[in-house]
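Here's the letter readout for the chains.
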Amino acid sequence: MLLDHLIDVSSQLGSVPALAHLINDGTLKGYLASFLLVCRVNNLSPRTMADYSSKIGRFLDFCRPFSNTPGEVTTDHVRLFILDLQRRIKPSSVHDYYRAINRFFNWLVEEGDLKESPMARMRPPKVPRQIITPFKPEQIERLLALCDDSLLGIRNRAIILTFLDTGLRLAELAGIQLADIDIDHETIKVMGKGARERLVRIGKQAQKAILRYLLKRRDALPCLWITEECRPMRWGGIQIMIRRLGRRAGLTNVRCTPHTFRHTFGTQSLGLGADLREVQSLLGHSTLTMTLKYVATVNSEKAVIGHRRFSPADNILK
């Protein structure tokens, strides 16, 4: 896989023969290798690079029978690929593919390897607007009730409360190091998207959970989250743990994923009077567009509650 050659490329610098496989041979795959190398130099996260490698790579595999160079790819090739995706995966995932491929072709234009992107006159596929479904308080309580007094149970409680109280992305929470936590100032330093560093606050309940977990540990690892085998806990392990807890708790009508905690943080904070800009900053949104989605959920819930007061049918027929 192209990405495998690039993640550890820094360890190969100074050895020209070892870097020979990165030389662009003029094919679509060669340009993808160059694109990923630029992403690596620009300090994009391994997860972002893996996403680009997978999504763009699949598109280039689709194009192989028709074209082997960027100039041979047409708008119809992209449309056919998007149509194929729409038959198999959800609209939001199709949109993610579109964005990744579009970024690749825009980079080719920026580099002067293409005069115009084949997607220049395309519009992104529409993603149906959906009301975000956050966790309800009783669902959080059911998840926490499954966290016993073992090291893993105490760790899982700390993870749940940290997610809930900060709205961190999965990769952000997984990357926390012990040195990033400042209990005196009630903050955690995290590295967000685009290598943007920010501070988030943790409340008293999350602080207690983290401190209890740290007092239970008997290791010298620098990372915050560890596995049962006393190894650093990766984002995939956190994701699996959350899903398993959701199944054990019997949660229905809500996706039990790390991102749902992010939704819950956003909607709860706004519902409790947080300023829109405060929530934007804490969530690490570069623009208000994403934050406004949480506002829509809060407004929808308030409207449903308000309808009990002004229901036209109930008021006419009472």
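Scroll up a little and you will see the structure.
Residues numbered from 1 in each chain as written. Predicted model: local features only at pLDDT ≥ 70, side-chain atom pairs only at ≥ 80, totals over all residues. Heavy atoms only, no water.

### Concerning unusual backbone geometry
Phase 1: Positioned with a positive phi, Asn 43 is a non-glycine residue whose angle comes to about 65°.
Phase 2: Mapping Asn 43 onto the fold places it in the loop between α2 (28–41) and α3 (46–63).
Phase 3: Positive phi values are uncommon outside glycine, yet Cys 230 reaches one of about 65°.
Phase 4: Its place among the elements puts Cys 230 in the loop between α9 (204–216) and α10 (235–249). (Helix = DSSP H or I, 4+ residues; strand = E, 2+ residues; numbered from the N terminus.)

### Considering the packing of helix α7 (residues 151–166) against α10
Phase 1: Taken N-terminus to C-terminus, the directions of α7 and α10 make an angle of 95°; their axes are 11 Å apart at the nearest point. As the angle between them shows, α7 and α10 are arranged roughly perpendicular. Each of Arg 155, Asn 156, Ile 159, Ile 160 and Phe 163 in α7 lies in contact with α10, whose residues at this interface are Ile 238, Met 241, Ile 242 and Leu 245. (Axes fitted to C-alpha atoms, helices over the stretch in contact; angles between N-to-C directions. Parallel < 35°, antiparallel > 145°, perpendicular 65-115°, else oblique. Contact = heavy atoms within 4.5 Å.)

### What to know about the nonpolar core
Across soluble globular proteins, nonpolar side chains show a tendency to be buried alongside one another.
Phase 1: Leu 143, Ile 176, Trp 225 and Ile 238 are the most contacted members of the largest nonpolar core, which has 39 residues in total.
Phase 2: Counting residues per element, the ones that place at least two in this core are α6 (137–145), α7, α8 (170–174), β2 (187–191), α9 and α10.
Phase 3: At six residues, α7 tops the list of elements feeding residues into this core.
Phase 4: Tyr 52, Phe 81, Leu 85 and Leu 108 belong to the second-largest nonpolar core, a separate cluster that totals 29 residues. (Core = buried A, V, L, I, M, F, W, Y, C linked by side-chain atoms within 4.5 Å. Buried < 20%, exposed > 50% of the residue type's maximum accessible area, 1.4 Å probe, protein only.)

### Quick word on a positive patch on the surface
Phase 1: The grouping of Lys 90, Arg 243, Arg 244, Arg 247 and Arg 255 at the surface amounts to a positive patch.
Phase 2: If you trace the backbone, Arg 247 turns up in helix α10. (Patch = residues over 30% accessible without salt bridge, like charges linked within 9 Å, V, L, I, M, F, W, Y side chains within 5 Å. Areas by Shrake-Rupley, 256 points an atom, 1.4 Å probe, with all protein chains shown as cover. Salt bridge = Lys/Arg side-chain N within 4 Å of Asp/Glu carboxyl O. Lys, Arg positive; Asp, Glu negative; His and termini not counted. Charge placed at Lys NZ, Arg CZ, Asp CG, Glu CD.)

### Details of the side chain of Thr 187
Phase 1: Structurally, the position occupied by Thr 187 is in strand β2.
Phase 2: Residue Thr 187 is classed as buried on the basis of its relative accessible area of 17%.
Phase 3: The contacts of Thr 187, once residues within four sequence positions are left out, are Asp 180, Ile 181, Asp 182, Leu 199, Val 200, Arg 201 and Ile 202.

### Let's talk about the side chain of His 285
Phase 1: In this fold, His 285 is placed in the loop between α12 (276–283) and α13 (288–310).
Phase 2: Here the side chain of His 285 touches Arg 262 through a polar contact of 3.4 Å, side chain to side chain.
Phase 3: With sequence-adjacent residues up to four places away left out, His 285 is seen in contact with Arg 169, Arg 262, Gln 280, Met 290, Thr 291 and Tyr 294. (Polar contact = N/O pair within 3.5 Å; in protein donor to acceptor, adjacent residues only side chain to side chain.)

### Brief notes about the pairing of strand β3 (residues 197–201)
Consecutive side chains of a regular strand alternate in pointing toward one face of the sheet and then the other.
Phase 1: Of the two faces of β3, the one lined by Arg 198 and Val 200 is fully buried and the one lined by Glu 197, Leu 199 and Arg 201 carries no buried residue.
Phase 2: The pairing of β2 with β3 spans five bridges and is classified as antiparallel. For Met 191, the partnering residue across the bridge sits in β3 and is Glu 197. (Pairing = 2+ DSSP bridges.)

### Quick word on the packing of aromatic side chains
Phase 1: Applying the stated criterion across every chain yields a total of 13 aromatic pairs.
Phase 2: For the ring pair Phe 59 and Phe 81, a centre distance of 5.2 Å and an interplane angle of 65° mean the geometry is edge-to-face. Of this pair, Phe 59 sits in helix α3 while Phe 81 sits in helix α4 (residues 75–86); the two residues are 22 residues apart in sequence, bridging distant segments of the chain.
Phase 3: Residue Phe 81 is classed as buried on the basis of its relative accessible area of 4%.
Phase 4: On the numbers, 5.9 Å between centres and 65° between planes, the contact of Phe 81 with Tyr 97 is edge-to-face. On the criterion of sequence distance, the pair formed by Phe 81 in helix α4 and Tyr 97 in helix α5 (residues 91–110) is long-range, its members being 16 residues apart. In this structure, Phe 81 and Tyr 97 share a single accessibility class: buried. (Phe/Tyr/Trp six-rings, centres within 6.5 Å; stacked < 30°, edge-to-face > 60°.)

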